[in-house]
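A closer look at the structure
Here's the letter readout for the chains.
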Amino acid sequence: FRWYGVPFYIRTGKRMNESSTRIVIEFKKLPGINNYKDFGDIEPNLLMISIQPKEGLNLQINGKRPGNDFIIDSPNLEYCQSCELENNSPEAYERLIMGASTANKSLFTGWDEIEYSWKFVENIERVFKDIKPDFPNYNSGSKGPEEYLDLIKKDGRKWWY
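Residues numbered from 1 in each chain as written. Predicted model: local features only at pLDDT ≥ 70, side-chain atom pairs only at ≥ 80, totals over all residues. Heavy atoms only, no water.

1. Thoughts on the sheet that holds strand β6 (residues 76-80)
The test is simple: At least two DSSP bridges between two strands are needed for those strands to be called paired. Comment: elements are numbered from the N terminus, with helices defined as DSSP H or I runs of at least four residues and strands as E runs of at least two. All axes here are fitted lines through C-alpha atoms, helices being fitted over the stretch that makes contact, and every angle between N-to-C directions spans 0 to 180 degrees.
Spatially, the four strands line up as an open sheet ordered β1-β2-β3-β6, and their pairing is antiparallel. Only two strands of the sheet have a single partner each, and these edge strands are β1 (21-26) and β6. Taking each pair of neighbouring strands and ignoring which way they run, the sheet shows an average axis angle of 10°. Here five bridges tie strand β2 (residues 46-52) to strand β3 (residues 56-60), and the two strands are oriented antiparallel to one another. Residue Ile49 lies in a different strand from β3, and its bridge partner there is Leu57.

Set out below in structure tokens:
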């Protein structure tokens, strides 16, 4: 019930123009801000959590610039963990190779789990055997299907790259 009416937009695909995993939370504008013509085009406050390729946080907030003029700035408060801490953390495949060489099975799937996964996938294949899915495709190297990019614009929102 807490998330009722809150839109969630997920954009995913292979061979898109950039490979990243990011969560962007767009905060609602203040209720009365649209009454001021000077502030009609300010960007919303954003919290961006970057998971890949650079782990970190970015908080973009709107605030009044110091002084007598009523000017809104949007400073960014940014923390990049992989930029700040120069540790040599292993990549995903490096962890797998290390686990295999030390007989650590915690990173690997057991045969029973693989068998159940295939049963699950085979059921999906059986259901969609004669049904051609109707979804828009996109060109390799693009930001995704134009239909969905336009759909979010109709909702009065935008994709945050």
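Now that the structure has been shown, the text picks up again.
2. Some thoughts on the pattern of salt bridges
As a reminder, the rule being used: What counts as a salt bridge is simple: a side-chain nitrogen of Lys or Arg found within 4 Å of a carboxyl oxygen of Asp or Glu. Only protein chains enter the area calculation, which uses a 1.4 Å probe; residues under 20% of their type maximum are buried, those over 50% are exposed, and those in between are partly exposed.
Counted under the stated rule, the structure contains two salt bridges. One salt bridge connects Arg65 with Asp73, and the closest N-O pair in it is separated by 2.9 Å. Two residues, Glu115 and Lys119, come together in a salt bridge whose shortest N-O distance is 3.9 Å. In this pair, Glu115 and Lys119 are both assigned in helix α3 (residues 111-127), four residues apart and thus about one turn of the helix distant. Its relative accessible area of 45% is what places Glu115 among the partly exposed residues.

3. Brief notes about the environment of Ile23
This is how it is decided: Here a residue-residue contact requires only that any non-hydrogen atoms of the pair lie within 4.5 Å.
Here Ile23 lies in strand β1. Spatially, the C-alpha atom of Ile23 lies 8.1 Å from that of Leu47, the residues being 24 residues apart in sequence. The contacts of Ile23, once residues within four sequence positions are left out, are Leu47, Met48, Ile49 and Ile51.

4. Looking at a nonpolar patch on the surface
Using the following cut-off: Within the patch definition used here, like charges are joined within 9 Å and nonpolar side chains (Val, Leu, Ile, Met, Phe, Trp, Tyr) within 5 Å, considering only residues with over 30% relative accessible area and no salt bridge. Computed with a 1.4 Å probe, the accessible areas rest on the Shrake-Rupley method; for each residue, only the protein chains presented here act as cover.
Taken together, the side chains of Trp118, Phe120, Val121, Ile124, Val127, Phe128 and Ile131 present a nonpolar region at the surface, about 700 Å² in accessible area. Inspection of the secondary structure puts Ile124 in helix α3.

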